[in-house]
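Structural overview for review
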Amino acid sequence: MEEDRSLRALGLDEAPREHPLLYPGAWPRESGMLDGDRLVPLERLVFEDRTPVLAVGSNACPGQLRHKMAESGLVTPLPMVRTRVTGVGIGVSAHVSRMGYVSHSPVAAPGRTRELFVLWLDARQLAVVDASEGVPRPEGNFRRVWLPAPGVRIELADGSALPGAYAYVNRHGVLHDGTGVPRAHPGQRALLTDLLDNVPGLRGLFGASPEEFCARARADRELCARATRLFAERRMVTACGLERYTGAQRYGRPGAGAWPAPP
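A quick note: this is a predicted structure, and the numbers were derived from the prediction, not measured.

**Some thoughts on the overall build of the protein**
Helix and strand counts for the protein stand at 7 helices and 11 strands. Overall, the protein is about 50 × 45 × 30 Å in size when its C-alpha atoms are taken along their principal axes. Residues classed as buried in the protein amount to 50% of the 263 residues present. For the protein, the accessible surface area stands at approximately 12,200 Å², while carbon and sulfur atoms represent 49% of it. Across the protein, the mean location of the 33 positive side-chain charges is 6 Å away from that of the 29 negative side-chain charges.

See below:
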């Protein structure tokens, strides 16, 4: 009997865009090809004709990716490759998303290794994900930054390593832990509970519970902007440590594929 590889059967179908408290959503246990509402096995780990993008938040959730692509009418297959990444950690974005959550954001983590997904995006898929992160807009929340080796090591399951990959770095910075060090993201419900309890003025904007927070944020773009300004006014924000890579050399044009390894 053929295995059911649907996102629903794999527990990967729910999108944080529709259920904010589930952010960042469920990640696969292994590499796969997102093909419509299915996640099927991959035949290779590198796709030279596509652009590698490191996913640290809901972009590693197949349900979220399917939601983003469906909004733009895209149904083309999308490879998701599980990798071991050294030099990048997960922090807390210093902004409130109109989707109703406070998202993950990459931070520098020298010497630390964790498993993250690399998405191999074709030109149209890259444009969709860029737009969802606000890259084309001067006031957008993220910019796409090339993270090169050896500063960031991205190791594949076969032991080989990529020359680098793109990541979405927050234009607002990240929240710190009170000592200036980027704080870790404890999960959406725990994070919102903590912020509502400890950030003066936030309850007046978003109510007393994570549910209220999500509902109000999804309904009001200006309210999200006010909360983002509040984080800065309360001096809760620090740099992510990856800003130095802005403008770093990349190999090949984004979306055009055919990026050669550096000499």
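**Points about helix α6 (residues 210-219)**
Of all the residues in α6, the buried ones are Pro210, Phe213, Cys214 and Ala217. Take α6 and look down its axis: the buried residues cluster within an arc of 95 degrees, on one side only.

**Quick look at the packing of helix α4 (residues 188-198) against α6**
In contact at an axis separation of 9 Å, α4 and α6 are set at 90 degrees when each is read in the N-to-C sense. Here α4 is positioned roughly perpendicular relative to α6, judged by the angle of their axes. On the side of α4, the interface is formed by Arg189, Leu192, Thr193 and Leu196, while α6 contributes Pro210, Glu211, Phe213 and Cys214.

**What to know about the pattern of salt bridges**
Tallied over the full model, the rule gives 15 salt bridges. Residue Arg203 is joined to Asp197 by a salt bridge in which the shortest nitrogen-to-oxygen separation is 2.6 Å. A relative accessible area of 41% places Arg203 in the partly exposed class. For Asp197, a relative accessible area of 47% puts it in the partly exposed group. Because the salt bridges share partners, they merge into one network encompassing Glu3, Arg5 and Glu30.

**Quick look at the state of the cysteines**
Under the criterion given, the structure shown has 0 disulfides. A disulfide-free cysteine, Cys214 has its sulfur positioned 10 Å from the sulfur of Cys224, the nearest such atom. Take Cys214: its relative accessible area is 5%, and that puts it in the buried class.

**As for the packing of aromatic side chains**
Summed over the entire model, instances satisfying the criterion amount to 4 aromatic pairs. Relative to Tyr166, the ring of Trp146 has its centre 4.9 Å away and its plane inclined at 70 degrees; by these criteria the two rings are edge-to-face. In this pair, Trp146 is assigned in strand β6 (residues 142-148) and Tyr166 in strand β9 (residues 164-170), connecting sequence segments 20 residues apart. Residue Tyr166 is classed as buried on the basis of its relative accessible area, which comes to 4%. Their ring planes at 25 degrees and their centres at 4.2 Å tell us that Phe206 and Phe213 sit as a pair that is stacked. As far as burial versus exposure is concerned, Phe206 and Phe213 are alike and both buried.

**Some words on the nonpolar core**
Grouped together as the largest cluster of nonpolar side chains are 27 residues, with contacts concentrated most on Leu54, Val85, Val88, Leu116, Leu147, Val152 and Ile154. Where this core is concerned, the elements lending two or more residues are β4 (78-92), β5 (104-121), β6 and β9. Beyond its immediate sequence surroundings of up to four residues, Val88 is in contact with Leu54, Val56, Pro106, Val107, Ala109, Arg112, Arg114, Leu116, Leu147 and Val152.

**Examining the confidence of the model for the protein**
Across the protein, the average pLDDT comes to 92, with 93% of residues at 70 or higher. Below a pLDDT of 50 lies the segment residues 249-263, which in the model reaches 34 contacts outside its immediate sequence neighbourhood of four places, other chains included.

**Digging into α4**
Those residues of α4 not exposed but buried are Gln188, Leu191, Leu192, Leu195 and Leu196. Relative to the axis of α4, the buried residues are bounded by an arc of 125 degrees and lie together on one face. Check the buried side of α4 and you find it contacts β4, β10 (174-175), α5 (202-206), α6 and α7 (221-233).

**Looking at the side chain of Ser6**
Mapping Ser6 onto the fold places it in the segment before α1 (7-10). For Ser6, a relative accessible area of 18% gives the class buried.

**Describing unusual backbone geometry**
Of note, the amide linkage connecting Tyr23 to Pro24 takes the cis form, showing an omega dihedral of 10 degrees. The residue Pro24 is located in the loop between α1 and β1 (32-35) in this model. Of note, the bond from Ala149 into Pro150 is cis; its omega dihedral lies within 30 degrees of zero at 5 degrees. Within the secondary structure, Pro150 sits in the loop between β6 and β7 (153-155).

Analysis parameters
- Residues numbered from 1 in each chain as written.
- Predicted model: local features only at pLDDT ≥ 70, side-chain atom pairs only at ≥ 80, totals over all residues.
- Heavy atoms only, no water.
- Helix = DSSP H or I, 4+ residues; strand = E, 2+ residues; numbered from the N terminus.
- Buried < 20%, exposed > 50% of the residue type's maximum accessible area, 1.4 Å probe, protein only.
- Areas by Shrake-Rupley, 256 points an atom, 1.4 Å probe, with all protein chains shown as cover.
- Lys, Arg positive; Asp, Glu negative; His and termini not counted.
- Charge placed at Lys NZ, Arg CZ, Asp CG, Glu CD.
- Arc of directions from axis to C-beta.
- Axes fitted to C-alpha atoms, helices over the stretch in contact; angles between N-to-C directions.
- Parallel < 35°, antiparallel > 145°, perpendicular 65-115°, else oblique.
- Contact = heavy atoms within 4.5 Å.
- Salt bridge = Lys/Arg side-chain N within 4 Å of Asp/Glu carboxyl O.
- Disulfide = S-S within 2.5 Å.
- Phe/Tyr/Trp six-rings, centres within 6.5 Å; stacked < 30°, edge-to-face > 60°.
- Core = buried A, V, L, I, M, F, W, Y, C linked by side-chain atoms within 4.5 Å.
- pLDDT = per-residue confidence, 0-100.

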